[in-house]
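Read off the chains here:
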Amino acid sequence: MTVGELIARIKEYDPGADTALVTQAFQFSSRVHQGQKRASGEAYVTHPVAVAAIIAEMRLDVPAVVTGLLHDVVEDTGATLEDIESQFGSEVAVLVDGVTKISRLESTPYENAQAENVRKMLVASAKDLRVLLIKMADRTHNIRTLQHLAPEKQRRIAEETLELYAPLASRLGINWLRHEFEDISFRTLHPTEYEDIRQRLSLQRLEREGHIKEITGLLSKRLEAGGITASVSGRTKSAYSIWRKISGQGLRIDDIYDVVAFRCLLDSDRECYEAFGIVHMYWRPVPGRFRDYLALPKANGYQSLHTTVIGPYGERLEVQFRTHEMHRVAEYGVAAHWRYKSSGDSADAEKERFQWLRQILEWQQTLDDPQEFLSSIKEDLFGEDVYVFTPKGQTMTFRKGDTVLDFAYRIHSAVGHRAAGARVNGGLVPLRYVLQQGDTVEVITTDDARPTRDWLKFVRSPRARARILAYIRQEDRKRAIALGRELVERDLARFDLDIAKLHSDGRAAELFAHFVRRDEDAFLEAVGYGRITTRQMLEFLLPDENFDTERPRGRFTRLFGLLGRQPRPLVMAEDIDEAMVRFGKCCEPLPGEEIVGFLTRGRGVTVHAKDCPRLGEGERDRMVAVTWQRGAAAPRHVKLEVVSRDRPGLLANMSQAFASAGVNIERASVRTVGNKANNLFEVTLGNAEDLARVTRNLRRVAGVKEVRRLFG
C-alpha cells in the first residue's frame, strides 16, 4: 500500500482528517528503516505501512495511524522518543512508547521478557486503549507473514498469538481479528488437523452452500410473514472452532452437524425479540442453548440473541439476532466505540465496558513474578463470564469458578474482610460457594469475622487474594512488633535501659541505621520475626560487655546461658546472623534434600523440605533461602510407602533391598487388595543419599510400581 492509498482509506471514514502528519511519518519511517529487510526479503518499511493500513481498517484516528508507521523506530533504529516527540507531538510519542518492547537483557529468560512486555503493553493500554489496538494490528501483519520465519519461531509466535492475542481480541470484541488469529495459529501448530478439516469442508462445500441458501430463504420468509424485514445470512464456522469442538467433545468431524451458523440483522431490539419468537414458533428450540446478550451484554460490549433450534431436516441450526449497530460493534468491538459513541453511552457504561482491562492494571500491581502475572492474564482472558446480581438488581460479571468471597471483595475490601457467609437466591451458603449464572448474592458480614490463610485456598480473583494477603501481612506485622517490643524492653531493662532513653540520647537512630531499619516499628518487627536478635542489639549498644564470658545478672541468666551453649547449626539462613534454626516436624528434612525456610515470630527460621505439603502459598512473603552446612548429619525418622504387585517372596526381596543400602527396618506393615500390595516401612536415614540409595534399590525389586516418602 502506498501512502496515497493509506490516506484515501482514512478519508473514507474521516473526511476532515488532517493527514499531513501521516505523510511526514511515512517519510520518517522510510528514512530510518532504510537498508533494513524483513525475513521475506522485502524492505522493512512495508511492515509499518501494513500495520498502519490495518489500524485504518479499524477506523482509528490519525495519531494511531501515525503510531503504526512509527511503532518500531525506537526499538529497531537509532531514533529516540525525544525525536518522535519533537517531530510528531507528545500524543504520538506516548503511543509509540506504549507499543515499544522492553529491551531484553542476555541474562533475562525469553519467557520473563515476554511477560514484562505484556505487562507494559497492558499498563499503557489501561491509560490509552489505542496502544492495545496498535499492538493488535502489529501482531496481525506479523502472523499473516509467519511463513517466512524459521519453523521454531513460527510455532512460538503462533502459540503466543493463540494463548494471548486471540483472547485479547475477543475481550476487545473484534471478532474478525480473533478468527484470523485462531485460524492462522491453528494452521501453524496443527497443520495435519487443519488440512483434514479444510478438505472435509471443501468436499461438502456445494451441499453446504445449497443448505445455507435454502435456510436463509426460509428464515426470511418466516420473518416477513410475521411483519419483520431482516438481513439473513449464513456462514461456515472457522476451522479452529470446529477443531475445538472435535477435540473437546471427543467427536469426529462427521459427527458435527452445526458447522453453519445463521445471523439475522434487524432494525431494533424489539424486532430482535419478535424474530426470536417467530423462529421458536416454527422450529423447536434445543434446551439450554439460549443466550440473551441483549439484556446482559458481554464485558466487551457484545450484544446478540443466540438460540439453537431443530431445523426442517432434523438438523441443529444456530441462529443469532442482532441490530445492525450491534453487528458493527460485534465485528469491530472497542474500535467501533472509539470513534462512534452512541448517544446513550454514559461515563459509567464506558467504564464498565473496559472494567476487565482496569482490573488487569490493578492486578499487575500485586503480582511481582512475571510468569505468575502472565498466567493470571491468560486465565482471565480464557475464563467464561458468569453474570450474577446484587439484591438491588445490579448486574456484575465474574469468571467461571469465582466464589462468594470474590463477590464480597469486589463490593469493597471492608465487606470482604468482614464476610462470614452469604445468601444466594434466598438460601444461606458458605464463602467458598461457587457463583452460578443468574445468582442473586447478598453478603453477610459480622464484626468478629477476619481473613484467614484458609481463604487463600478457595478465593480466585487476584484482587481478593491480594487484599487477603495484605491484611494477613498487616496483622502479622502488628503481632511481630508487639512481640519485638516485649523482647527488647525486657532485655534492655537488665542494663537499666529502655527505648525512650535510647531515643533521648540519640542511640536509637544509630541502632536503627546499623541494622538498616527505617524506624522503631521496622526494628521491632525484625526482632519479632527473628531477623535480629536482642543479643545482637545489646552487643551493638554495649560493646564493652563480654556476653560470652560474663554471666548476665537477673532472671534471664538461664536463657542467655542456653543461647551461649547452642550447637553449630545444621543449616545457614541467608542474610540472618546466628538465627535460631529448627526443623518442621511435618517433614523432618534430610541433610542434602532441597529445603526452604520461613521466618517465625520470635523463633528464628523454621526449615522445611521444599515439597512439604504444609507449606502454603500464603507463606511466600516470609520465605528465606537456607542451605545445609557442609558435612551436616542429622538422622531422621522416615516413612516410605511402596506400592507393588503382590507375589510370594516380595517382602523378603524388599527387606534385602533395605539391607543392601545399610538401613534397618524399624517397623513394617503390609496391606493387600486383590493382586496389589501397599507396604509401609519406617526407617532411620542419615541424609538424602541414604534415601536415594534405598529408593533406587526398592525400585529394582520385581513387581514394585511406586516408591514415595510420606510426610507427617
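A.B. asks: Sorry, what's going on with the overall build of the protein here?
C.D. replies: In terms of helices and strands, the protein carries 30 helices and 20 strands. In the protein, 65% of the contacts between residues at least 6 apart in sequence involve partners at least 24 apart. When the accessible area of the protein is evaluated, it comes to approximately 35,900 Å², of which 48% is carbon and sulfur surface.

A.B. asks: Can you help me understand the sheet that holds strand β19 (residues 676-685) in this one?
C.D. replies: Backbone-to-backbone hydrogen bonds pair the strands of a sheet. The strands run either parallel or antiparallel. Across the sheet, 4 strands lie side by side as β18-β19-β17-β20; this open sheet has antiparallel pairing. Unpaired on one side and paired on the other, β18 (665-673) and β20 (704-710) mark the two borders of the sheet. For this sheet the average axis-to-axis angle between neighbouring strands, irrespective of direction, equals 20 degrees. Judged from the 8 bridges that link them, β18 and β19 form a sheet pairing that is antiparallel. Counted as the bridge partner of isoleucine 665 is valine 683 from β19. On top of the sheet, helix α29 (residues 650-660) reaches β17 (636-645), β18, β19 and β20; it is set at about 25 degrees to β19, its chief contact.

A.B. asks: Help me understand the pattern of salt bridges, please; the structure alone is not making it clear to me.
C.D. replies: Pairing between side chains becomes possible if they bear opposite charge and their charged atoms approach one another. Tallied over the entire structure, the rule returns 28 salt bridges. The shortest N-O distance in the salt bridge between lysine 237 and glutamate 318 comes to 2.7 Å. You can see lysine 237 sitting in the loop between β1 (231-236) and α14 (239-249) and its partner glutamate 318 sitting in strand β5 (residues 316-323), a full 81 residues away along the chain. Neither lysine 237 nor glutamate 318 differs from the other in exposure class; each is buried.

A.B. asks: Whenever I open this one, the packing of helix α1 (residues 3-13) against helix α4 (residues 62-70) confuses me. Can you help?
C.D. replies: Two quantities define a packed helix pair, namely the angle between the axes and the distance from one axis to the other. At a closest axis distance of 12 Å, the pairing of α1 and α4 adopts a crossing angle of 160 degrees. As far as their axial angle goes, α4 and α1 are roughly antiparallel. In the packing of α1 onto α4, the handedness of the crossing is right-handed. Judged by residue contacts, Leu6, Ile10 and Tyr13 of α1 engage Val62, Val65 and Leu69 from α4.

A.B. asks: Quick question: what am I supposed to make of a positive patch on the surface here?
C.D. replies: Taken together, the side chains of Arg645, Arg671, Lys676 and Lys705 define a basic patch exposed on the protein surface. By the secondary structure assignment, arginine 671 is in strand β18.

A.B. asks: Could you clarify how one ought to interpret the nonpolar core in this entry?
C.D. replies: Soluble, globular proteins show a tendency: their nonpolar side chains are buried together. Among the nonpolar cores identified, the biggest contains 94 residues, and Leu70, Met136 and Phe321 are the most heavily contacted of them. Ranked by residue count, the leading element in this core is helix α10 (residues 151-172), at 9 residues. The residues touching phenylalanine 321, leaving out its near neighbours within four places in the chain, are Cys264, Leu266, Cys272, Ala275, Phe276, Val279, Leu294, Ser304, Leu305 and Thr307.

A.B. asks: I would appreciate a short explanation of the packing of α1 against helix α3 (residues 46-57) in the present structure.
C.D. replies: Packing of α1 against α3 brings their axes to within 9 Å, and their N-to-C directions diverge by 10 degrees. Between α1 and α3, the angle is such that the two are roughly parallel. Here α1 contributes Leu6, Arg9, Ile10 and Tyr13 to the contact with α3, which in turn contributes Ala52, Ala53, Ala56 and Glu57. Looking at the contact of α1 with α3 residue by residue, the classes come out as 6 nonpolar, no polar and 2 charged.

A.B. asks: Sorry, what's going on with the sheet that holds strand β3 (residues 291-292) here?
C.D. replies: One open sheet accounts for 5 strands, arranged β1-β2-β5-β4-β3; its pairing is mixed. Each edge of the open sheet is held by one strand with a lone partner, namely β1 and β3. Seen against the sheet, helix α13 (residues 205-225) touches β1, β2 (260-266) and β5 and runs at an angle of roughly 155 degrees to β1.

A.B. asks: It is not clear to me how the side chain of threonine 323 should be interpreted in this structure. Could you clarify?
C.D. replies: With respect to the helices, strands and loops of the structure, threonine 323 is situated in strand β5. The exposure class assigned to threonine 323 is buried, which follows from its relative accessible area of 8%. From its side chain, threonine 323 meets the backbone nitrogen of methionine 326 in a polar contact 3.0 Å long. Beyond its immediate sequence surroundings of up to four residues, threonine 323 is in contact with Leu265, Leu266, Asp267, Ser268, Asp269 and Cys272.

A.B. asks: Sorry if this is basic, but what is going on with the pairing of strand β8 (residues 419-424) here?
C.D. replies: With 5 bridges connecting them, β8 and strand β10 (residues 441-445) associate as antiparallel partners. Paired with alanine 419 across the two strands is threonine 445, which belongs to β10. One ladder, built from 3 bridges, connects β8 with strand β9 (residues 427-429); its direction is antiparallel. Paired with valine 424 across the strands is glycine 427, a residue of β9. Taking the residues that link successive antiparallel strands as the turn, the β8-β9 hairpin has 2 residues, and the phi of asparagine 425 there is positive, at about 55 degrees.

A.B. asks: Quick question: what am I supposed to make of helix α25 (residues 507-514) here?
C.D. replies: Residues lying three or four places apart along an α-helix face the same way, a consequence of the helix completing one turn every 3.6 residues. Of all the residues in α25, the buried ones are Ala508, Leu511 and Phe512. The buried side chains of α25 occupy one side of the element, clustering within an arc of 95 degrees when seen end-on. Projecting away from the buried face of α25 at angles above 90 degrees are the exposed residues Ala509 and Ala513. Those residues of α25 that are buried are in contact with α24 (499-504), α26 (520-529) and α27 (534-541).

A.B. asks: Help me out: how do you make sense of the packing of aromatic side chains in this one?
C.D. replies: Aromatic rings in a pair are described by how distant their centres are and how their planes are angled relative to each other. All chains considered together, the criterion is met by 13 aromatic pairs. Look at phenylalanine 276 and phenylalanine 321: their rings are 6.1 Å apart centre to centre, the planes differ by 85 degrees, and that puts the pair in the edge-to-face class. Remark: phenylalanine 321 occurs in strand β5 and phenylalanine 276 occurs in helix α15 (residues 269-282); sequence separation between them is 45 residues. By relative accessible area, which is 13% here, phenylalanine 276 ends up buried. Look at tyrosine 293 and tyrosine 302: their rings are 5.9 Å apart centre to centre, the planes differ by 70 degrees, and that puts the pair in the edge-to-face class. Here the two residues tyrosine 293 and tyrosine 302 agree in accessibility, since each one is buried. Every member of this aromatic cluster is reached through a ring pair, and the members are Phe186, Tyr194, Tyr240 and Trp243. The positively charged end of arginine 222 is found above the aromatic ring belonging to tyrosine 282, 4.2 Å away from the centroid. Looking at arginine 410, its charged tip hangs above the ring of phenylalanine 398, at a distance of 4.3 Å from the centre.

Quick notes on the rules
- Sequence positions are assigned chain by chain, starting from 1 and proceeding in written order.
- For this predicted model, a pLDDT threshold of at least 70 governs which residues receive local features, and a threshold of 80 or more governs which side-chain atom pairs are given and counted, while totals over whole chains, interfaces and linings are taken from all residues.
- Excluded from the side-chain calculation are hydrogens and water; included are all heavy atoms of the structure.
- A run of H or I in DSSP counts as a helix once it spans at least four residues, and a run of E counts as a strand once it spans at least two, with each numbered from the N terminus.
- By definition, residues are in contact when any of their heavy atoms lie within 4.5 Å.
- Methods summary: accessible areas were calculated by the Shrake-Rupley approach with a probe of 1.4 Å, and residue burial reflects only the protein chains presented.
- Only strands joined by at least two bridges in the DSSP assignment are considered to pair.
- Here an angle of 0 to 180 degrees is reported between the N-to-C directions of two axes, which are lines fitted to C-alpha atoms, with helices fitted over the stretch in contact.
- Only one rule defines a salt bridge in this text: a Lys or Arg side-chain nitrogen within 4 Å of an Asp or Glu carboxyl oxygen.
- Working definition: with a 1.4 Å probe on protein chains only, accessible area under 20% of the residue-type maximum means buried, over 50% means exposed, and in between means partly exposed.
- These descriptions rest on fixed angle ranges, namely under 35 degrees for roughly parallel, over 145 for roughly antiparallel, 65 to 115 for roughly perpendicular, and the rest for oblique.
- For any helix crossing, the convention is left-handed if the near helix is rotated counterclockwise from the far helix by under a right angle, and right-handed if that rotation is clockwise.
- Note that patches include only residues with greater than 30% relative accessible area and no salt bridge, and the join distances are 9 Å for like charges and 5 Å for nonpolar side chains (Val, Leu, Ile, Met, Phe, Trp, Tyr).
- In this tally, Asp and Glu contribute negative charge and Lys and Arg positive charge; neither His nor the terminal groups of the chain are included.
- Here the site of a charge means atom NZ of a Lys, CZ of an Arg, CG of an Asp or CD of a Glu.
- Take the buried Ala, Val, Leu, Ile, Met, Phe, Trp, Tyr and Cys residues and link them wherever side-chain atoms come within 4.5 Å; each set so joined is a nonpolar core.
- Under the scheme applied here, ten amino acids are nonpolar (Ala, Val, Leu, Ile, Met, Phe, Trp, Tyr, Cys and Pro), four are charged (Asp, Glu, Lys and Arg), and all others, including Gly, are polar.
- Pairing of N or O atoms within 3.5 Å defines a polar contact, subject to two protein rules: one partner must be a possible hydrogen donor and the other a possible acceptor, and residues neighboring in sequence count only if both atoms are side-chain atoms.
- As used here, the arc is the angular range of directions from the helix axis to the C-beta atoms.
- Aromatic pairs are defined between Phe, Tyr and Trp rings, using the six-membered ring for Trp, whenever the two ring centres lie within 6.5 Å; interplanar angles under 30 degrees are classed as stacked, those over 60 as edge-to-face, and all others as tilted.
- Only when the NZ atom of a Lys or the CZ atom of an Arg is both within 6 Å of the ring centre and within 35 degrees of the ring normal do we say a charge sits over the ring.

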